[in-house]
Structures are given as C-alpha cells and as structure tokens.
Amino acid sequence: SAVISQKPSRDICQRGTSLTIQCQVDSQVTMMFWYRQQPGQSLTLIATANQGSEATYESGFVIDKFPISRPNLTFSTLTVSNMSPEDSSIYLCSVVRGGQSGEQFFGPGTRLTVL
Amino acid sequence: AQSVSQHNHHVILSEAASLELGCNYSYGGTVNLFWYVQYPGQHLQLLLKYFSGDPLVKGIKGFEAEFIKSKFSFNLRKPSVQWSDTAEYFCAVNAPGNQFYFGTGTSLTVIP
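This is a predicted model, so every value here is computed, not measured.

Asks: Give me the lowdown on the overall build of chain B, citing residues and values where you can.
Replies: When its secondary structure is counted, chain B shows zero helices and twelve strands. Helices and strands in chain B line up, N terminus first, as β-β-β-β-β-β-β-β-β-β-β-β. What you see for chain B is a C-alpha radius of gyration of 13 Å, in line with the 13 Å of a compact globule of 112 residues. Within chain B, the fraction of its 112 residues that count as buried is 46%. Long-range contacts, defined as pairs at least 24 residues apart, comprise 54% of the intrachain contacts of chain B with a sequence gap of at least 6.

Asks: Tell me what's going on with the sheet that holds strand 3 (residues 19-25) of chain A, and back it up with residues and numbers.
Replies: Residue and element names in this part refer to chain A. An order of 1-3-8-7 is seen for the four strands of this open sheet, with the pairing classed as antiparallel. For this open sheet the edge positions go to strand 1 (4-7) and strand 7 (68-72), each flanked by a neighbour on one side alone. With direction set aside, neighbouring strand axes in the sheet form an average angle of 15°. Sheet topology places strand 3 next to strand 8 (residues 75-80); six bridges connect them, and they run antiparallel. Across the sheet, the residue bridging to Ile21 is Leu78, located in strand 8.

Asks: Explain the pattern of salt bridges to me, and be specific about the residues and the numbers.
Replies: Residues and elements named next belong to chain B. Using the criterion set out here, one finds five salt bridges over all chains in the structure. One salt bridge connects Arg77 with Glu64, and the closest N-O pair in it is separated by 3.4 Å. With Arg77 in strand 9 (residues 73-78) and Glu64 in strand 8 (residues 64-68), this pair connects stretches of sequence that are 13 residues apart. Here Arg77 falls in the partly exposed class, since its relative accessible area comes to 22%. When the shortest N-O distance is used, the salt bridge between Asp85 and Lys78 registers 2.9 Å. Here Asp85 matches Lys78 in class, with each residue buried. Residues joined by salt bridges that share partners form a network here, namely Lys58, Glu64, Glu66 and Arg77.

Asks: If you had to explain the interface of chain B and chain A to someone new, which residues and values would you point to?
Replies: Chain B puts 18 residues into the contact, and the matching count from chain A is 18 residues. Summed over both sides, the interface of chain B with chain A buries roughly 1,500 Å², with 55% coming from carbon and sulfur. When residues of chain B are sorted by the area they lose upon contact with chain A, Leu44, Phe100 and Phe102 of chain B head the list and together hold 31% of the total. Where chain B packs against chain A, one counts zero salt bridges. Inspection of the region where chain B meets chain A yields two residue pairs in polar contact (both at pLDDT 80 or more). Among the secondary structure elements, those contributing two or more residues to the side of chain B that touches chain A are strand 5 (32-38), strand 6 (44-50), strand 10 (87-94) and strand 11 (100-102) of chain B. Broken down by element, the side of chain B that touches chain A gets its largest block of residues, four residues, from strand 5 of chain B. In terms of residue class, the side of chain B that touches chain A is built from nine nonpolar, eight polar and one charged.

Asks: I'd like a rundown of the side chain of Thr74 of chain A, residues and numbers included.
Replies: Structurally, the position occupied by Thr74 of chain A is in the loop between strand 7 and strand 8. Beyond its immediate sequence surroundings of up to four residues, Thr74 of chain A is in contact with Cys23, Gln24, Val25, Ser27, Gln28 and Met32 of chain A.

Asks: Go over the side chain of Gln37 of chain A, please, and point to the residues and values.
Replies: Turning to its location among the elements, Gln37 of chain A is positioned in strand 4 (residues 31-37). On the accessibility criterion, Gln37 of chain A (8% relative accessible area) is buried. Beyond its immediate stretch of four places on either side in the chain, Gln37 of chain A contacts Ser42, Leu43, Ser89, Ile90 and Leu92 of chain A together with Gln38 and Phe90 of chain B.

Asks: Lay out the pairing of strand 1 of chain A with the relevant residues and their values.
Replies: All names here are of chain A. In strand 1, alternate side chains face the same way, and those of Ile4 and Gln6 are buried while those of Ser5 and Lys7 on the opposite face are not. With four bridges joining them, strand 1 and strand 3 adopt antiparallel strand pairing. When the bridges of strand 3 are listed, Lys7 appears paired with Gln22.

Asks: Would you mind going over the state of the cysteines in detail, with residue names and values included?
Replies: Residues and elements named next belong to chain A. Considering all chains together, one arrives at two disulfides over all chains under this definition. Here Cys23 connects covalently by a disulfide to Cys93, the sulfurs 1.9 Å from one another. The sign of the S-S torsion, about -65°, decides the handedness of the disulfide formed by Cys23 and Cys93: left-handed. Of the two residues, Cys23 is situated in strand 3 and Cys93 in strand 9 (residues 89-97); the sequence distance between them amounts to 70 residues.

Conventions and cut-offs
Residues numbered from 1 in each chain as written. Chains lettered and ligands numbered in written order. Predicted model: local features only at pLDDT ≥ 70, side-chain atom pairs only at ≥ 80, totals over all residues. Heavy atoms only, no water. Helix = DSSP H or I, 4+ residues; strand = E, 2+ residues; numbered from the N terminus. Rg over C-alpha atoms; globule rule 2.2 N^0.38 Å. Buried < 20%, exposed > 50% of the residue type's maximum accessible area, 1.4 Å probe, protein only. Contact = heavy atoms within 4.5 Å. Pairing = 2+ DSSP bridges. Axes fitted to C-alpha atoms, helices over the stretch in contact; angles between N-to-C directions. Salt bridge = Lys/Arg side-chain N within 4 Å of Asp/Glu carboxyl O. Buried area = accessible area lost by both parts, 1.4 Å probe. Polar contact = N/O pair within 3.5 Å; in protein donor to acceptor, adjacent residues only side chain to side chain. Nonpolar A, V, L, I, M, F, W, Y, C, P; charged D, E, K, R; others polar. Disulfide = S-S within 2.5 Å.

Pasting the structure below:
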C-alpha cells in the first residue's frame, strides 16, 4: 500500500483568496492525481500531476484556477485560486502503484469551505 | 468517453440482510474494475478489484463482486451486512494506462 498525507486536513477560507494543498507520498510514484469530491457527488478528476512538466488538466479545469506543482516523485501541491463558495469541496490526492494495471491509493483529503 | 453508473444512490438495510449494489460501465475494451469504500470520516479504501481471470472476485470483509462482460457490469455483493458496513461505496473503472472513472457512489446505511 501507499501512505499519503495531505495538508491541511481542512480549512475555511474567504472568497477571493487562494489555498495551497500539499500531498506527500511515502515513496516514489509515477502517477499522481488530484480529485475533487463535491458534497453528495462522486470523485471528479482535476488533473494528473506530472513530475518535471506541466500538469494535464481534465475538461472543465484550467491551470490558472488550479495550478499544480510536482517537483519530485513523492510530492505535489494543488492551489485553489480566487476561491468562491462553489469551490467548497473535498480535494483528494491519489497515486497509482503497480504500473498501468495498478491499484489507486487515496490521501485523506482536504475539506475546503469557502465563505 | 468512459462512464460508470451506480443505480442505487442510497440503500438502507437491516443487519443480516443481503446486499447487492449495481455498477455498469461503458467502454468496449479491456478494463480494470474496482470497488472502493469510504467509511465515515475515513479515507477511500480499496474493497476489491478485477484485472483478469475468475470473474467472481472476493474482497475484504466478506464482500465479493462479479464481472459480467456481456452486461458491462461489476455488481458488489455481501450475503449478510453488518452495522459496520455503513459507508459510501464507489465503483471505478480504468482502462489500462488511462485514468480512473468513478461512479456517483452509493450510500449504505445498515440499521442494527
């Protein structure tokens, strides 16, 4: 299994501000992802965090709003920029172990509330 | 694009009742299939997975799932639920090398 930690675990933020979420994995992984889980909904993939290059964003998500860094194979950050109440959600970091047919492991999530 | 459908949004059962949660996906090629569980206040955890071989997969805590390729289904079952099974259950599909797609989740409440 993979041990994944996220900081902060939760935060309450004001509209218009930005929050950076950190994700730390206990060992090197190739594939790292950021998801959003809005209240009562499923997980939605925001982007794939690529080490050494720009993240790959899914439809509906843009770098200006959700800049991502991946400086090495064990760490990534997701920033939620210029927040609005619609950004209130749980943000999850995940990694895949075992290559292309591997299992996906999830971090504990960051619960964000935007007032 | 791939999609995953979970038809039961909220299920309420009494302890010892049998459980079956539906999961259907749309993708014509080879897929990997997963069920994840999220207990209240906890991480998402893998319940079971199917990559190949026997289509009846056994997971942790007495859960099992059957892959029926002709029906594009991967339903989750448990013969006798416990109060501790109260959780959110997510079906997920992954075409090898591609991203994961998650269903909308099924909230299970087990009444003691």
